[in-house]
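# Structural characterization, general
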Amino acid sequence: MSDRHVTTDASWVPAACTLPTAEQPLRLAEFDQFFRDAVRGVERLSARHLRLQLDGAQLVEETARDLTARESSCCSFFAFDIARPGPQSLTLDVRVAATHVDVLEALAERATSVRVQR
């Protein structure tokens, strides 16, 4: 991952997140860096389902698995699924219950806006 500047605006962090407040800016920075370095496309499959097309590198997959595992531990309303549909392609599906559609929308907007800043 690169060392480009990351933003730490926590405006999209849901109240249901149990990550300690002091750690939230660091996690946001991790997500921003991941979105910037690894995301190649953002596709909204439904109101409750987001698909991120990722760089297919092994390091990206390892980072995605680590980051989503840690995020699942504090934001249990997220369901993450990482798949490798082809040798050079990787997807990250993010699903939420209807009660957290706004959080998914914010995540999609964040991924899109950070990607554009590259």
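Heads up: the structure comes first, above all this text.
In this text, all values refer to a predicted model and were calculated from it rather than measured experimentally.

Rules and cut-offs
- Residues numbered from 1 in each chain as written.
- Predicted model: local features only at pLDDT ≥ 70, side-chain atom pairs only at ≥ 80, totals over all residues.
- Heavy atoms only, no water.
- Helix = DSSP H or I, 4+ residues; strand = E, 2+ residues; numbered from the N terminus.
- Polar contact = N/O pair within 3.5 Å; in protein donor to acceptor, adjacent residues only side chain to side chain.
- Contact = heavy atoms within 4.5 Å.
- Expected span 1.5 Å × (residues − 1).
- Buried < 20%, exposed > 50% of the residue type's maximum accessible area, 1.4 Å probe, protein only.
- Axes fitted to C-alpha atoms, helices over the stretch in contact; angles between N-to-C directions.
- Parallel < 35°, antiparallel > 145°, perpendicular 65-115°, else oblique.
- Left-handed = near helix turned anticlockwise from the far one by under 90°.
- Nonpolar A, V, L, I, M, F, W, Y, C, P; charged D, E, K, R; others polar.

Here we take up the side chain of D93. Its location among the elements puts D93 in strand 4 (residues 89-95). One polar contact links D93 to R51, side chain to side chain, over a distance of 2.7 Å. Non-local contacts of D93, meaning those with residues more than four positions away in its chain, are made with L45, H49, L50, R51, A79, F80 and D81.

Attention now goes to helix 1 (residues 24-38). In an α-helix, one turn spans 3.6 residues, which is why side chains three or four residues apart end up on the same side. Between its first and last C-alpha atoms helix 1 spans 21 Å; for 15 residues at 1.5 Å apiece the expected length is 21 Å, and the two agree. Across the 15 residues that make up helix 1, a large majority, 12, are buried. If you check which residues of helix 1 are buried, you get Q24, R27, L28, A29, F31, D32, Q33, F34, F35, R36, D37 and A38.

Here we take up the packing of helix 1 against helix 2 (residues 58-74). Put simply, helix 1 and helix 2 touch, their axes get as near as 11 Å, and they point 150° apart. When the axes of helix 1 and helix 2 are compared, the pair comes out roughly antiparallel. Crossing of helix 1 against helix 2: the hand is left-handed. In contact with R27, E30, F31, F34 and A38 of helix 1, helix 2 contributes V60, T63, A64, L67, R70, E71 and C74. Residue classes in the contact of helix 1 with helix 2 are distributed as seven nonpolar, one polar and four charged.

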